[in-house]
Amino acid sequence: MVNPCYLPEGMGTSVIPPVQIIENADTLKKSISLLSEEEAWFGSGNGMPELPLRITSHYLKLVREDSSGALRRMAVPRVEERTVLVYETPDPLHEEPYEVLPRCIHRYPDRILVLVTDVCALYCRYCFRRHFTGENRGILGNEDIRAVHDYLESHPEVREVILSGGDPLMLPDEKLMFIIHKLGRAGKVASMRLSSRVPVVLPSRITSDLAEILSCGPMVWQVIHINHPAEISPEFLSAVNLLASRGIPMLSQTVLLRGVNDDPEILADLFCKLIAAGVKPYYLFQGDLAPGTSHLRVALSRGIEIFRTLSSRISGLALPNFAVDLPEGGGKVRLGADTIAELKDGEYHIRSVDGKLFRYPAEPEQSLQSEG
Ligand SMILES: *Cc1c(COP(=O)(O)O)cnc(C)c1O
Ligand code: SF4
């Protein structure tokens, strides 16, 4: 193997070992028979760009084992994705105005977000960054990485670099190593965060070489995107154990999804199992207002109720922060007991961290009515 603690100037050419990935209806139908709402998604596109189908064989196995249908809702497209409501926008997180360099978002003073690739191992049907994800623009070029490095050198207020995408663990080892070494100690950066769904959907990617890369250099925190206890497979646990054995701290983030995990029992089970595996639940997100995702979105009132129930049932260690990304650029806000969330005319009025009021629809399908 390459020495992970050695920083090569040029880029390696190694690619991730070939894995079985399902990208068309015919291959999918060999494993599961499609429901009519799923079948209707295929071939009914109107030419608008949309999130492609992509499922790993590992995840498809979990889908088949999960009789609740929850995992299936996250991975298999449905015709409801074509319903776009007036509240939904292509860039619900309002990242574009903060894109200081290509694919580099500086929204909060002391941390930057770098979208290192637009590829994922599996495309989540609720993806909030779907205007970017799966477009095959490829991985961030070395010139762009050097530009981010220079930006960090001239912005000493930035202390943390968050790698996201797409999925950063889809990068080849050498590229990931280059990025971690190039950005992890630039300027005043002291730590990195790597957000990924790969440990869940493609656990074989978590190799000892990869764990070695993440454990050398700056402090890297692994954030695992996981939504349901049925996603905790033996393969997932081995991957997490491997990372834990190299001393890599792990957090999780979960998206609240209708018909998937909108139930305090399911979430309590997930969070307690994560704690047992050495992963601290960090965020539970209200679904973002991304186009074509209303069938997976939970009413905010229900989200608040679920979080209250959870807060009274599980330990502080197992309880994540419940957060919502406010539309129209309000940013991320944690909904706790101290948050002012006032219900007015079918909309919640919530204050952003800088005190401005933003509106969030109370019901997922609300704008259907307002469209008349
Ligand atoms: C969510 C997010 C972060 C990280 O926020 P934390 O509250 O530190 O987890 C950083 N930058 C952007 C643009 C984000 O959306
Ligand atoms: S892993 Fe993240 S970026 Fe990729 S499809 Fe899922 S939600 Fe979107």
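Treat the numbers as computed from the prediction; the structure is a model and nothing was measured. (Residues numbered from 1 in each chain as written. Chains lettered and ligands numbered in written order. Predicted model: local features only at pLDDT ≥ 70, side-chain atom pairs only at ≥ 80, totals over all residues. Heavy atoms only, no water.)

Draft legend 1. Focus on the packing of aromatic side chains. Evaluation of the coordinates by the stated rule reveals four aromatic pairs. Ring centres 4.3 Å apart and planes at 50° place the aromatic pair Y282 and Y283 in the tilted group. Take Y282: its relative accessible area is 19%, and that puts it in the buried class. Here the basic side chain of R125 rests over the ring of W41, its NZ or CZ set 5.3 Å away from the ring centre. (Phe/Tyr/Trp six-rings, centres within 6.5 Å; stacked < 30°, edge-to-face > 60°. Buried < 20%, exposed > 50% of the residue type's maximum accessible area, 1.4 Å probe, protein only. Lys NZ or Arg CZ within 6 Å of the ring centre and 35° of its normal.)

Draft legend 2. How the structure looks around helix α5 (residues 142-153). Between its terminal C-alpha atoms α5 stretches 16 Å, which fits the 16 Å expected from twelve residues at 1.5 Å a residue. The inward-facing, buried residues of α5 abut β3 (99-101), β4 (104-108), β5 (111-115), β6 (160-164) and α6 (173-183). (Helix = DSSP H or I, 4+ residues; strand = E, 2+ residues; numbered from the N terminus. Expected span 1.5 Å × (residues − 1). Contact = heavy atoms within 4.5 Å.)

Draft legend 3. Summary view of the pairing of strand β9 (residues 250-255). Summarising burial for β9: six of the six residues are buried, a large majority. Burial along β9 is two-sided: M250, S252 and T254 facing one way and L251, Q253 and V255 facing the other are all buried. The pairing of strand β8 (residues 219-225) with β9 spans four bridges and is classified as parallel. Opposite Q222, over in β9, you have M250 as the bridge partner. After leaving β8, the chain enters helix α9 (residues 234-245) and then returns to the sheet as β9, a path that is right-handed. Both β9 and strand β10 (residues 279-285) contribute to a ladder of six bridges, which runs parallel. Directly across from S252, in β10, lies its bridge partner P281. (Pairing = 2+ DSSP bridges. Right-handed = clockwise from strand over helix to strand, strands pointing away.)

Draft legend 4. View of the sheet that holds strand β14 (residues 347-351). Pairing is antiparallel in the open sheet, where three strands are placed in the order β13-β14-β15. The open sheet is flanked by β13 (341-344) and β15 (357-361), the only strands paired with a single partner. Strand after strand, the sheet turns through a mean of 30° between neighbouring axes, direction not considered. Sheet analysis places β14 next to β15, joined by five bridges and oriented antiparallel. Within β15, the position partnered with I350 by the bridge is F358. Those strands touched by helix α11 (residues 300-313) are β14 and β15, and its axis lies near 60° from that of β14. (Axes fitted to C-alpha atoms, helices over the stretch in contact; angles between N-to-C directions.)

Draft legend 5. Molecular detail of the side chain of S196. Mapped onto the fold, S196 is located in strand β7 (residues 191-196). A polar side-chain atom of S196 sits 2.9 Å from the main-chain amide nitrogen of V198. Those residues in contact with S196 that lie beyond four places of it in its chain are D167, L169, Q222, V223, I224 and H225. (Polar contact = N/O pair within 3.5 Å; in protein donor to acceptor, adjacent residues only side chain to side chain.)

Function-wise, these values are silent; they only describe arrangement.
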